[in-house]
2 protein chains.
Amino acid sequence: MSNTIGPDTKTWVEVPTNSDFTIHNLPFGIFSQSGKSKRAGIAIGNKVVDLAALYDAGLIDKNAYKKEHFECEVLNPFMKLGKQATSKLRIRIAELLESTNSELRSLPNISDILIDQSAVTMHLPVSVGDYTDFYSSEDHARNVGTMFRDPNNALLPNWKHIPVGYHGRSSSIVISGTPIHRPKGQQKPKDADQPVFGPCKLLDFELEMAFVTFDGKPMGQSISTAEAEDYIFGMVIFNDWSARDIQTWEYVPLGPFLAKNFASSISPWIVTMDALSEYKVAGAKQEPKVFPYLDYDGDKNIDINLEVAIEPEGSAETVVSRSNYRYMYWNYAQQLAHHTINGCPIKAGDMMASGTISGPEPSSYGSMLELSWRGTKPIKMNDGSERKFIQDNDTVIMRAFAEKNGIRIGFGEVRSKLLPAL
Amino acid sequence: MSNTIGPDTKTWVEVPTNSDFTIHNLPFGIFSQSGKSKRAGIAIGNKVVDLAALYDAGLIDKNAYKKEHFECEVLNPFMKLGKQATSKLRIRIAELLESTNSELRSLPNISDILIDQSAVTMHLPVSVGDYTDFYSSEDHARNVGTMFRDPNNALLPNWKHIPVGYHGRSSSIVISGTPIHRPKGQQKPKDADQPVFGPCKLLDFELEMAFVTFDGKPMGQSISTAEAEDYIFGMVIFNDWSARDIQTWEYVPLGPFLAKNFASSISPWIVTMDALSEYKVAGAKQEPKVFPYLDYDGDKNIDINLEVAIEPEGSAETVVSRSNYRYMYWNYAQQLAHHTINGCPIKAGDMMASGTISGPEPSSYGSMLELSWRGTKPIKMNDGSERKFIQDNDTVIMRAFAEKNGIRIGFGEVRSKLLPAL
């Protein structure tokens, strides 16, 4: 069975030009509408396919799936079915939406199954068991190393041997649209003897992509780079909010903690690895040669266009960065192989973020820290104001899409407003 | 209502001398016996009270609790009821077990409710949402700083201002009795140019205690040191397995990752904060003065005796460390207040470990790294062998108990065998 939806496939659903949610995408999410419980949905054009309603209509195989896979708070129970079952379900939905198919189209209650996206509220698609953040963009690591350490030795000695990563906080991962409060914490002003306490002054975003896993192997066993894709459901856009001044004071020797765990924001739709498979590209040549467990065959980078915009209160947005997921030095397969090489078990719903994705050009840097070069080069906004970091009441918007041969697969956006400290 | 069980309380259940599970303890766990689903239990002497069976027998208030709080895979749904409800349930069990009470004792099917511990299997008591590890023992931090950095500046500048902590991995937290495989990973031998890959050579335990939280406040809000206990259910013994050679190579700049996330082992019974309330003692004087959000009133350290033993394959165990939870510089209330000062939300079932608990004497150090002083002072075992770190097929056992005025409250043990690398 093929898990891809052929390039010539058309749908009977109206899909606006430049929609992220073409028939070739069909991402999964969790939505609700007034008076009804949460359920799983698939996006197409400006609509959501209510999978629970589709199940009730008898258009999903009741031998392979249960109602509670779709009438559910989160996608985890569905994802526990594994790659084959989730891929097969998506292909079945593509079949139902295909131009010549009338099974769904002809149903009298179709308006209960195909719902306007504008009428629903999106929720966190998964309960995140464990969240890991990598540090896998070479340009980002070089920029940070240049600013804070030594421009001539910007990369630390382990960086080209290890896809460096650390554990983050699952409980503060929130869905697009959730406002974030500026965090309070300790900071040590430059040249001060003692730390001070108060609202973070250097609040930043980090432009990242995150992949969501299936259940892995039993504890103690590893997942190879060749197997990695069998254990990854799909991806979301990930804004790893960062409090730079809190981070600088706290992070030695055990890594970032309160500087990161106050909030991370994700886009609502999980775009499947199946959908992204057509957009693979080669990654950077890795020199020195990596250990065999990190070696891989084929293309494991993905050409996904990324952008970040800042929308000041009451003004139009300004795009401040355009980057691409293809810039990753360490790819998702290497990240997952590294994460499990010691036998660390993964579960359905775990989330692994890329780390800030910066490209080689200053306009493609993935954080204000880099874009404003530590505050020394303020960014001009369309409304005439300037930004070194994020100000109270700014809204940060990240968007992502892949496009090739006129076929577009998008992630929608993650949009979050920064509120003042409580 | 008092949440403590008076010192003169006696029980009709036979409790062996030196039992950890006296009428004053009554810790919660999850157990199973052949042919039955998992359920919540309370330990008393060598018995387990089956709370689901007790519920069916009509001895638990059906207006306040539901069957699914006790017939359950994990304690999280019960803990979601919060402090008052869990405290009240424990006091009710104490009432039923009290010498003069015959409600339970006189039931014809009492053998279905009061079960031999030897007949049950214990399971992870909670689904751990997020796991955090602190670094709060001054002696431990000084020892590590002395060994790896500068004996004259052993503590980093932030250490006495911040209860330093980092996020760990929830998915690899396992119950006592679960064998652990020696992890593989990258290490960089001293003076080598390049890293090597293979089984960890310097495998270590870390003697820790961990507290388990209730649901906290909404995201964005903080929990004060005065409120902390309202959000903590109880504690377990925590063995934070550590691969020292993997850690040294990977941990700069983002902290420990694969060196820790292959396994952490916990004791099966959650001893409640209510039970521990009689064992509070004063902590160290904190100088410099801490920020107001870290200040606290009353005693927040706890006098819990700790010990670690190593049992070589086929030999009797040797106790290698005797420490105490009272040695913490940063107490649990300060840890929780710090963790939430930036608005980071906590959930029922989150686990926060103390960090290695070393005391001032070499015999009270909480890791082999310190006990063998980085391998320079091998530890003599009773069978004549020596240990610098943990060897394949060694079993590591940690025990903990509080005792005052002849009343003992214990944690049982966490016992884990180290198997060779896969």
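Criteria and cut-off values
Residues numbered from 1 in each chain as written. Chains lettered and ligands numbered in written order. Predicted model: local features only at pLDDT ≥ 70, side-chain atom pairs only at ≥ 80, totals over all residues. Heavy atoms only, no water. Core = buried A, V, L, I, M, F, W, Y, C linked by side-chain atoms within 4.5 Å. Buried < 20%, exposed > 50% of the residue type's maximum accessible area, 1.4 Å probe, protein only. Contact = heavy atoms within 4.5 Å. Salt bridge = Lys/Arg side-chain N within 4 Å of Asp/Glu carboxyl O. Helix = DSSP H or I, 4+ residues; strand = E, 2+ residues; numbered from the N terminus. Domains from an automatic or database assignment. Buried area = accessible area lost by both parts, 1.4 Å probe. Polar contact = N/O pair within 3.5 Å; in protein donor to acceptor, adjacent residues only side chain to side chain. Nonpolar A, V, L, I, M, F, W, Y, C, P; charged D, E, K, R; others polar. Least-squares fit on C-alpha atoms with pLDDT ≥ 70 in both. Pairing = 2+ DSSP bridges. Axes fitted to C-alpha atoms, helices over the stretch in contact; angles between N-to-C directions.

Thoughts on the nonpolar core
- Grouped together as the largest cluster of nonpolar side chains are 154 residues, with contacts concentrated most on Phe205, Met209 and Tyr325 of chain A together with Phe205, Met209 and Tyr325 of chain B.
- Leaving out residues up to four positions away in the same chain, Tyr325 of chain A has contacts with Met209, Met235, Asn301, Ile302, Ile304, Leu306, Tyr332, Ser354 and Ile357 of chain A.

Section: the pattern of salt bridges
- For the structure shown, the criterion picks out 68 salt bridges over all chains.
- Between Arg408 of chain A and Glu403 of chain A there is a salt bridge whose closest N-O contact spans 3.7 Å.
- Between Glu413 of chain B and Arg399 of chain B there is a salt bridge, with the nearest N and O atoms lying 3.2 Å from each other. Placement of Glu413 of chain B in strand 26 (residues 407-419) and of Arg399 of chain B in strand 25 (residues 395-404) is noted, with a sequence separation of 14 residues between them.
- Here Glu413 of chain B falls in the partly exposed class, since its relative accessible area comes to 25%.
- Each of Glu307, Glu311, Glu317, Arg322, Arg399, Glu413 and Arg415 of chain A takes part in a single network of salt bridges with overlapping partners.

Details of the domain arrangement of chain A
Residue and element names in this part refer to chain A.
- Split into domains, chain A comes out as domain 1 (28-123) and domain 2 (131-419).
- Its C-alpha centre places domain 1 at a distance of 30 Å from the equivalent point of domain 2.
- Between domain 1 and domain 2, the contact holds 18 residues from the first and 18 residues from the second.
- Both sides together, the interface formed by domain 1 and domain 2 hides about 1500 Å², and carbon and sulfur atoms give 63% of it.
- Three residues stand out in domain 1 for area buried against domain 2, namely Phe28, Met79 and Lys83, and they jointly supply 43% of the buried area on that side.
- The tally of links from domain 1 across to domain 2 stands at one salt bridge.
- A salt bridge links Lys80 to Asp215; its shortest N-O distance comes to 2.9 Å.
- Our count for the domain 1 to domain 2 interface comes out at seven residue pairs in polar contact (both at pLDDT 80 or more).
- When residues of the side of domain 1 that touches domain 2 are traced back to their parent elements, those giving at least two are strand 1 (28-32), strand 2 (39-44), helix 2 (76-79), helix 3 (83-97) and strand 5 (121-123).
- In terms of residue count, helix 3 provides more of the side of domain 1 that touches domain 2 than any other element does, four residues in total.
- Residues belonging to the side of domain 1 that touches domain 2 are distributed by class as follows: eight nonpolar, seven polar and three charged.

Quick word on the relation of the copies chain A and chain B
- Once chain A is rotated about the relating axis by 180° and shifted along it by 0.0 Å, it coincides with chain B to within an RMSD of 0.0 Å. What the superposition gives is, in effect, a two-fold axis relating one chain to the other. Of every C-alpha in chain A, the one belonging to Gly255 of chain A sits nearest the axis of rotation, 2.1 Å from it.
- Here 98% of the contact residues of chain A are again contact residues in chain B; the copies associate through an equivalent surface.

Examining the sheet that holds strand 26 of chain B
Residues and elements named next belong to chain B.
- If you walk across this open sheet you meet the five strands as 9-26-25-20-21, and the pairing is mixed. Strand pairing shows two members of the sheet lacking a second neighbour, strand 9 (180-181) and strand 21 (318-324), which therefore form its edges.
- Alignment of strand 20 (residues 305-311) against strand 25, held across seven bridges, turns out to be antiparallel. Residue pairing across strands places Asn305 opposite Phe401, the latter belonging to strand 25.

Re the side chain of Thr86 of chain B
- As for its placement among the helices and strands, Thr86 of chain B is situated in helix 3 (residues 83-97).
- In this structure, Thr86 of chain B is in contact with Phe28, Phe78, Met79, Phe214 and Phe233 of chain B, ignoring residues within four places of it in sequence.

A few points about the side chain of His69 of chain A
Residue and element names in this part refer to chain A.
- Tracing the backbone shows His69 in the loop between helix 1 (51-56) and helix 2.
- A distance of 2.8 Å separates a polar atom in the side chain of His69 from the backbone nitrogen of Lys66.
- Apart from residues no more than four positions distant in its own chain, His69 is found in contact with Ala40, Pro77, Phe78 and Leu81.

Overview of the interface of chain A and chain B
- Counting from both sides, the interface comprises 58 residues of chain A and, opposite them, 57 residues of chain B.
- A buried area of about 5300 Å², summed over both sides, lies between chain A and chain B, and 64% of it is on carbon and sulfur atoms.
- Of all residues in chain A, Arg169, Leu254 and Phe257 of chain A give up the largest surface area on contact with chain B, accounting jointly for 15% of the area buried on that side.
- At the surface where chain A touches chain B, the tally comes to four salt bridges.

Quick notes on unusual backbone geometry
Residues and elements named next belong to chain A.
- The omega torsion across Val252 and Pro253 is 10°, close enough to zero to call that bond cis.
- Along the chain, Pro253 turns up in the loop between helix 6 (244-250) and strand 16 (264-266).
- Of the consecutive residues Glu287 and Pro288, the connecting peptide bond is found in the cis state with omega at 5°.
- Here Pro288 lies in the loop between strand 18 (280-281) and strand 19 (301-302).
- One non-glycine residue, Arg374, adopts positive backbone phi at about 65°.

Considerations on the sheet that holds strand 4 (residues 114-116) of chain B
All names here are of chain B.
- If you trace the five strands from one edge of the open sheet to the other, you get 4-3-2-1-5, paired in antiparallel fashion. Edge positions in the sheet fall to strand 4 and strand 5 (121-123), since each of these pairs with one other strand and no more. Going across the sheet, the axis of each strand differs from the next one's by a mean of 50°, ignoring polarity.

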